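# Structure assessment
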Amino acid sequence: MRFRKALFLCVLVTFVISYCSALPQDVQQAVQGTMQALTAQVPLLQTEVSSQLTQAAPSAAPATSTPTPQAANGGIAGALLFPSEGVPAMRVVAFQAGSDAFFWVDTPQGQGSYVINDLPEASYHIVAYPLSDSGSPVQLTGAYDEYGLCGMHQGCTSFELIDVAVHAGVVTQGIDIVNWYGGPELYPTMPGGGAPFIPTPIQTGFIAGTLSYPAEALPAMAIVAFKVGGAPTDYYYTITDAGASSYQIAGLEAGSYYVVAYTVGGGGFPSGLAGGYTQAVPCGLSVSCTDHSLIAVHVNAGQFVGGIQPADWYAPDGSFPAYPVP
């Protein structure tokens, strides 16, 4: 309403100015006085109308920002390197160092890795417990410890669990469960119920090591442990995939063994080539290393023997037994 009044006054003032230009002088003066009074009201009305319009206009809501949620906890992940052809179901437990708190994840049979998520920031000890079909623990206990990082050879003596630091929003990778040979008495009892853990003596041993080949890539191989003084059929073996750089032969009876690797063909590689763990390997495989006789590797019941490298691919023909695997 006030806006219309102001507009009407403006139109009226303009009309009167035009009309008065034709009137006598005394009449023009009287009209001009009235005009000045009316004109003075226009700015006031304009200001009032502007204020009302401003108040009526909706005001924009203040800008707000939603913070990106930050992960409060972290995690631990790694491989489950079990000393057998198959990987059993396992319970992998993160024991918080200096505390009674622990967290775990159960992995299904055949799964070779684990991830424990939602761990508060702290340091943890990682221990794995194989599970039987009934959910009760069986025989071996694995751990991420000094013995595993050392390489598990005869010079490694410490089985101390390693502190694994967990930070918020980060999954600590590469915490691989490698050592299964320390004995369950060295580690905490498996939490979460299940049958009482009664360890049984391990009657067999293990041989493990790294692989090499005189080419840029590694072919698939059969690594064979021949029992020294045994029958031609008295051997154990494992077959690795192309590209695999390590091996492990489990279930060995106590005794001494010769270890030889054979290419099994495929992927452009020939089959039947042999590399052995010979005297030339610790010598350095240089041209001056001329002794290519196989080294007897002694294994006791329940013992793990690591660092056995069947890397001598340069021995003369006939230095090693013929490939025995059917």
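Conventions and cut-offs
- Residues numbered from 1 in each chain as written.
- Predicted model: local features only at pLDDT ≥ 70, side-chain atom pairs only at ≥ 80, totals over all residues.
- Heavy atoms only, no water.
- Helix = DSSP H or I, 4+ residues; strand = E, 2+ residues; numbered from the N terminus.
- Buried < 20%, exposed > 50% of the residue type's maximum accessible area, 1.4 Å probe, protein only.
- Areas by Shrake-Rupley, 256 points an atom, 1.4 Å probe, with all protein chains shown as cover.
- Pairing = 2+ DSSP bridges.
- Core = buried A, V, L, I, M, F, W, Y, C linked by side-chain atoms within 4.5 Å.
- Contact = heavy atoms within 4.5 Å.

### Remarks on the overall build of the protein
Tallying secondary structure elements over the protein gives four helices and 16 strands in all. For the protein, buried positions account for 37% of its 326 residues. Of the roughly 18,100 Å² of accessible surface on the protein, a fraction of 56% belongs to carbon and sulfur atoms.

### Some thoughts on the sheet that holds strand β9 (residues 205–210)
One open sheet accounts for three strands, arranged β12-β9-β16; its pairing is mixed. Where the open sheet ends on each side, the last strands, each with one partner, are β12 (246–252) and β16 (304–305). Where β9 and β12 come together, five bridges link them in antiparallel fashion. Residue Ile 207 lies in a different strand from β12, and its bridge partner there is Ile 249.

### A look at the nonpolar core
When a protein is soluble and globular, its nonpolar side chains tend to lie buried together. Counting residues in each nonpolar core, the largest one holds 28 residues, and the members touching the most others are Ile 76, Met 90, Val 92, Tyr 114, Ile 126, Ile 177 and Trp 180. Setting aside residues no more than four positions away along its own chain, Val 92 makes contact with Leu 80, Phe 103, Trp 104, Val 105, Tyr 114, Ile 116, Ile 126, Val 127 and Ala 128. With 23 residues, the next largest nonpolar core counts Leu 218, Tyr 236, Val 305 and Ala 311 among its residues.

### Considerations on the pairing of strand β13 (residues 255–266)
Alignment of strand β10 (residues 221–227) against β13, held across seven bridges, turns out to be antiparallel. Looking at β13, one finds that Ala 225 is bridged to Val 259. With antiparallel pairing between neighbouring strands as the criterion, β13 and strand β14 (residues 269–276) make up a hairpin whose turn holds two residues, including Gly 267 at a positive phi of roughly 65°.

### Concerning the side chain of Thr 278
Looking at where Thr 278 falls in the secondary structure, it is placed in the loop between β14 and α4 (280–283). Note on Thr 278: relative accessible area 0%, which makes it buried. Excluding anything up to four places from it in sequence, Thr 278 contacts Asp 291, His 292, Ser 293, Leu 294, Ile 295, Asp 312 and Phe 320.

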